[in-house]
Amino acid sequence: MAAVEEERDSVTEDRPSGKAMTIGAVCKALRQEFPDISISKIRYLEDQKLLEPRRTPGGYRLYAQTDVARLRTILRMQRDEFLPLRVIRQELASGRVDGDPTVPAPSSDGGGSGSGAGPRRRPGVSVTAGGGALYSLEDVVEDTRAEPRLIAELEEYGVIKGEHRAGTKYYDETEREIIRAVTELARYGVGGRNLRAFRTSADREAALLQQILAPALRSRNVERRKEAVEALENLAAVTTHLKHLLLIRDLRKIVG
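1. Regarding the packing of aromatic side chains
So, point 1. Scanning the entire structure with this criterion turns up 0 aromatic pairs.
So, point 2. The positively charged end of Arg176 is found above the aromatic ring belonging to Tyr135, 4.2 Å away from the centroid.

2. Here's the deal with the packing of helix H4 (residues 65-81) against helix H5 (residues 85-93)
So, point 1. Axis separation between H4 and H5 bottoms out at 10 Å; the angle between their running directions is 135°. Considering the angle they form, H4 stands oblique to H5. Note on packing geometry: the crossing formed by H4 with H5 is right-handed. Packed against H4, whose contacting residues are Arg70, Thr73, Ile74, Met77 and Gln78, the element H5 presents Leu85, Ile88, Glu91 and Leu92 at the interface.

3. What about H4?
So, point 1. With 17 residues, H4 should cover 24 Å at 1.5 Å per step; its first-to-last C-alpha distance of 23 Å lies within 8% of that length.
So, point 2. Taken residue by residue, H4 has Asp67, Val68, Ala69, Leu71, Arg72, Thr73, Ile74, Leu75, Arg76, Met77, Asp80 and Glu81 as its buried positions.
So, point 3. Those residues of H4 hidden inside the fold are in contact with helix H2 (23-30), helix H3 (39-47), strand E2 (61-62) and H5.
So, point 4. Phi for Phe82, located one or two positions after H4, is positive at around 55°.

4. As for the packing of helix H9 (residues 196-217) against helix H10 (residues 222-254)
So, point 1. Packing of H9 against H10 brings their axes to within 10 Å, and their N-to-C directions diverge by 160°. One element, H9, and the other, H10, form an angle in the roughly antiparallel class. Pair H9 / H10 crosses with right-handed handedness. Between H9 and H10, the residues in contact are Glu205, Leu209, Ile212, Leu213, Pro215, Ala216 and Leu217 and Arg224, Arg225, Ala228, Val229, Ala231, Leu232, Leu235, Ala236, Thr239 and Lys243, respectively.
So, point 2. A breakdown of the residues in the contact of H9 with H10 according to their chemical character gives 12 nonpolar, 1 polar and 4 charged.

Reading the values: the criteria
- Residues numbered from 1 in each chain as written.
- Predicted model: local features only at pLDDT ≥ 70, side-chain atom pairs only at ≥ 80, totals over all residues.
- Heavy atoms only, no water.
- Phe/Tyr/Trp six-rings, centres within 6.5 Å; stacked < 30°, edge-to-face > 60°.
- Lys NZ or Arg CZ within 6 Å of the ring centre and 35° of its normal.
- Axes fitted to C-alpha atoms, helices over the stretch in contact; angles between N-to-C directions.
- Helix = DSSP H or I, 4+ residues; strand = E, 2+ residues; numbered from the N terminus.
- Parallel < 35°, antiparallel > 145°, perpendicular 65-115°, else oblique.
- Left-handed = near helix turned anticlockwise from the far one by under 90°.
- Contact = heavy atoms within 4.5 Å.
- Expected span 1.5 Å × (residues − 1).
- Buried < 20%, exposed > 50% of the residue type's maximum accessible area, 1.4 Å probe, protein only.
- Nonpolar A, V, L, I, M, F, W, Y, C, P; charged D, E, K, R; others polar.

Encoded structure:
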């Protein structure tokens, strides 16, 4: 049945503009802007309740143009702003939808209608400590489908830490998403010990950004500290994007 469903979902029919599309047709239509899009990724977003295409009695997923616009918005927020799914849900709930398929190129002076110069602010990375939700080990296992031994291994190698409260171990939103990502990697045989390189790289990058902005971050001027935090968040997003580009470049060498 799974093979039949995969074949059925992979149908890529040419449909007039405004008509409903199968998941395969949607994947084909968006591949130019999002080369790494796949049917499985779209299904994952459905599982996360970010997309709700209608289904025919025969089981076909049918995406209306509003569904495609919503999917495009999600993919752009992931690619351009590095937003976690939790924040993407909030953005969508507030009515954000990118209808124009053309991605405007950021200008060197920051673009937009504001008069201030400087790089474009990327709101997807938050470095400030907040009073976000905490999740018990049981909650994390249920939500991410991670094996408890994998979570223990991540703690052993310093990838996550968690915190004890009243004798119970809790993890914050960021650590939960780390566990979710590593669970996906684990399918390919990647374990906690293999992630020390990621941990070391992150530590070095954090130290570099701290060195760049240390004076402003230590300032007693509240406004200056606020600007420094915003700059830090933007730099974090830029460096993340840079790493992604460098990785893609090297992977292209591998595949020839």
